[in-house]
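Analysis of the macromolecular model
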Amino acid sequence: MTTRKQLHLGAFMRPVSLHTGAWRYPGAWPDANFNLGHIVRLAQKLEEGRFDAFFMADHLAVLNMPVEALKRSHTVTSFEPFTLLSALAMVTTRIGLVATASTTFEEPYHLARRFASLDHISNGRAGWNIVTTSNPDAALNFGLDDHMEHDERYVRAREFYDVVTGLWDSFADDAFPRDASSGLYFDPSRLHMLDHKGPYFSVRGPLNIARPVQGWPVIVQAGASEPGRQLAAETAEAIFAAAPDLATGRAFYADVKGRLDRLGRPREHLKILPGAFVVVGDSVEEARAKRARLDSLVHYDSAIASLSIALGHDASRFDPDGPLPEVPETNASRSARERVIEMARRENLTVRQLAQRLGGYSGLAFVGTAQTIADEMEEWLETEGSDGFNITFPFLPAGLDDFVDKVVPELQRRGIFRREYEGTTLREHLGLPRPENRFFPAAREAVHG
């Protein structure tokens, strides 16, 4: 019997919904983004649904939007990722815990310590979403007057990755004999001093934490720019991609997996998981009605601000009922900007229509019944559009409950999603190998029977 390809599912949970109107939906928890009790309940429900991971995006500043829009946003306050994920590690046992941490404003040693700690606390469930921060207001919170240039952020990120992973390898896995009879707690010969000196960082090491349970926490990346794709091919083990349709998803999948081929990395060592907004109904018409009601709750102040952020340019001065004008390049995220411009051209949207779409959710959406949603997900999986999805829910808790209670059983019935966790670590959920310690390689002696 041939084993079917398996779908991987992450849950995009910070913010708990990317949709600006989510907190206003009837029956939704308005404070779900900043209420520990609610978030614990959601994490446990996701674990019940056998999700691979709970994912927290993060921002190092209040979102750079006009206050008239900001006052309508449920994302203005949220927990710091490591604090929340450490708490969730105590009330879950299997689901992976992925945190965003910026290579633009963090220091490698601090970050290496936090992720190593989270991996030990969670017994091997930590993941690091590498980002290069594009919010210019974040620079102002770190003593900088201006933002680092786009391409330079990726050069810094590559060195940052090398330092952090080198620090995680400071101790061999067997460095701590803790031999009470001899009084030997750790073996100095199994300790490596990193002594890194590079263009951006000088870090002596070693890390003062034992090697993480997984060797390294799982390396996750988001973004689709050229330097982002190359960094992902070289370093990432999962990509939270943005693909508005299957054709785009297949092209991205082929491009990134092709880069792995050229680098000599096995294709299965990198999972591509596009973001997907999922609205479940008992009929397609009911699901569409839920989406329409949700979209109607987006205030225009929020809509135009969302468009401005995506473009890196003040869109409030554009003619609302005219086409999107030429928008100059900025230092903001290029992939997001290009995606929005392409959407406006492809669908011939006015500025107002484009803003309303972005103010709600403008990316890949599956809106239908459990069966139609499973059909679409299965097509993406079977035609190499993705290895799974990073799910964002329309409103909480009902939108998440609908997915776990209705869509997950349908995916399981088709044999493309697990019924039980087969391992305990995030690497095992994703089918990823445990990385060898670069300074203390495992013995390769032949074993003779």
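To keep things clear, this report deals only with the structure shown in the data block.

1. Remarks on the overall build of the protein
Scanning the protein from N- to C-terminus turns up 15 helices and 12 strands. Taken over C-alpha atoms, the radius of gyration comes to 22 Å for the protein, in line with the 22 Å a tight globule of 449 residues would show. Taken along the three principal axes of its C-alpha coordinates, the protein extends 75 × 55 × 45 Å. By the burial criterion, 55% of the 449 residues in the protein qualify as buried. Partitioning the contacts of the protein with sequence separation of at least 6, the portion at a separation of at least 24 is 78%. By element, 51% of the accessible surface of the protein is carried by carbon and sulfur atoms, the whole surface being about 19,600 Å². Across the protein, the mean location of the 50 positive side-chain charges is 2 Å away from that of the 60 negative side-chain charges.

2. Here we look at the packing of aromatic side chains
Counting across every chain of the model gives 21 aromatic pairs. Consider the rings of Phe176 and Tyr185, whose centres lie 6.1 Å apart with planes at 80°: the pair is edge-to-face. With a centroid separation of 6.4 Å and 45° between ring planes, the pair formed by Tyr200 and Phe201 is classed as tilted. Exposure remark for Tyr200: the relative accessible area of 27% places this residue in the partly exposed category. A relative accessible area of 3% places Phe201 in the buried class. Feature note: the residues Phe82, Phe115, Trp128, Phe160, Trp168, Tyr200 and Phe201 constitute an aromatic cluster, connected by ring pairs. The positively charged end of Arg293 is found above the aromatic ring belonging to Tyr25, 6.0 Å away from the centroid.

3. Remarks on the sheet that holds strand β1 (residues 8-12)
Taken together, 10 strands build an open sheet; the order of strands is β9-β8-β7-β4-β3-β2-β1-β12-β10-β11 and the sheet is parallel. Edge positions in the open sheet fall to β9 (271-272) and β11 (365-368), since each of these has one partner strand only. The pairing of β1 with strand β2 (residues 53-56) spans 3 bridges and is classified as parallel. Opposite Phe12, over in β2, you have Phe55 as the bridge partner. Packed onto the sheet, helix α6 (residues 150-168) meets β3 (96-102), β4 (126-131) and β7 (218-222) and runs at close to 160° relative to β4.

4. A look at the nonpolar core
Grouped together as the largest cluster of nonpolar side chains are 70 residues, with contacts concentrated most on Phe51 and Phe54. Contacts of Phe54, omitting those with residues within four sequence positions, involve Ala11, Met13, Ile39, Ala43, Leu46, Leu85, Leu88, Ile95, Gly96, Leu97 and Val98.

5. Some remarks on the packing of helix α10 (residues 300-311) against helix α11 (residues 334-347)
Relative orientation of the contacting elements α10 and α11 amounts to 125°, with a least axis distance of 7 Å. Between α10 and α11, the angle falls in the class oblique. Facing α10, whose interface residues are Leu307, Ala310 and Leu311, α11 presents Ala336, Arg337, Val340 and Ile341. Of the residues belonging to the contact of α10 with α11, the class tally is 6 nonpolar, no polar and 1 charged.

6. Things to note about helix α1 (residues 36-48)
In a regular helix each residue adds 1.5 Å, so 13 residues correspond to 18 Å; α1 covers 18 Å between its end C-alpha atoms and thus fits that length. As for α1, its buried residues are in contact with β1, β2, α3 (81-89) and α14 (398-413). A distance of 3.1 Å separates the backbone nitrogen of Gly37 from a side-chain oxygen at the start of α1, and that oxygen is part of Asn35.

7. Some remarks on a nonpolar patch on the surface
A cluster of nonpolar residues, Met90, Val91 and Ile121, forms a patch on the protein surface that exposes about 270 Å² of accessible area. With respect to the helices and strands, the residue Val91 is situated in the loop between α3 and β3. A relative accessible area of 35% means that Val91 is categorised as partly exposed.

8. Remarks on the pattern of salt bridges
The tally for this structure, following the rule as stated, stands at 34 salt bridges. A salt bridge links Arg267 to Asp261, with the nearest nitrogen and oxygen atoms 2.9 Å apart. A relative accessible area of 32% places Arg267 in the partly exposed class. Here Asp261 falls in the partly exposed class, since its relative accessible area comes to 43%. Between Arg291 and Asp295 there is a salt bridge, with the nearest N and O atoms lying 3.3 Å from each other. Here Asp295 and Arg291 lie together in helix α9 (residues 284-296), a separation of 4 residues that amounts to about one turn. Using a relative accessible area of 15% as the deciding quantity, one classes Arg291 as buried. For Asp295, a relative accessible area of 26% corresponds to the partly exposed category.

What counts, and at which threshold
- Residues numbered from 1 in each chain as written.
- Predicted model: local features only at pLDDT ≥ 70, side-chain atom pairs only at ≥ 80, totals over all residues.
- Heavy atoms only, no water.
- Helix = DSSP H or I, 4+ residues; strand = E, 2+ residues; numbered from the N terminus.
- Rg over C-alpha atoms; globule rule 2.2 N^0.38 Å.
- Buried < 20%, exposed > 50% of the residue type's maximum accessible area, 1.4 Å probe, protein only.
- Contact = heavy atoms within 4.5 Å.
- Areas by Shrake-Rupley, 256 points an atom, 1.4 Å probe, with all protein chains shown as cover.
- Lys, Arg positive; Asp, Glu negative; His and termini not counted.
- Charge placed at Lys NZ, Arg CZ, Asp CG, Glu CD.
- Phe/Tyr/Trp six-rings, centres within 6.5 Å; stacked < 30°, edge-to-face > 60°.
- Lys NZ or Arg CZ within 6 Å of the ring centre and 35° of its normal.
- Pairing = 2+ DSSP bridges.
- Axes fitted to C-alpha atoms, helices over the stretch in contact; angles between N-to-C directions.
- Core = buried A, V, L, I, M, F, W, Y, C linked by side-chain atoms within 4.5 Å.
- Parallel < 35°, antiparallel > 145°, perpendicular 65-115°, else oblique.
- Nonpolar A, V, L, I, M, F, W, Y, C, P; charged D, E, K, R; others polar.
- Expected span 1.5 Å × (residues − 1).
- Polar contact = N/O pair within 3.5 Å; in protein donor to acceptor, adjacent residues only side chain to side chain.
- Patch = residues over 30% accessible without salt bridge, like charges linked within 9 Å, V, L, I, M, F, W, Y side chains within 5 Å.
- Salt bridge = Lys/Arg side-chain N within 4 Å of Asp/Glu carboxyl O.

Function cannot be inferred from these measures alone, as they are strictly geometric.
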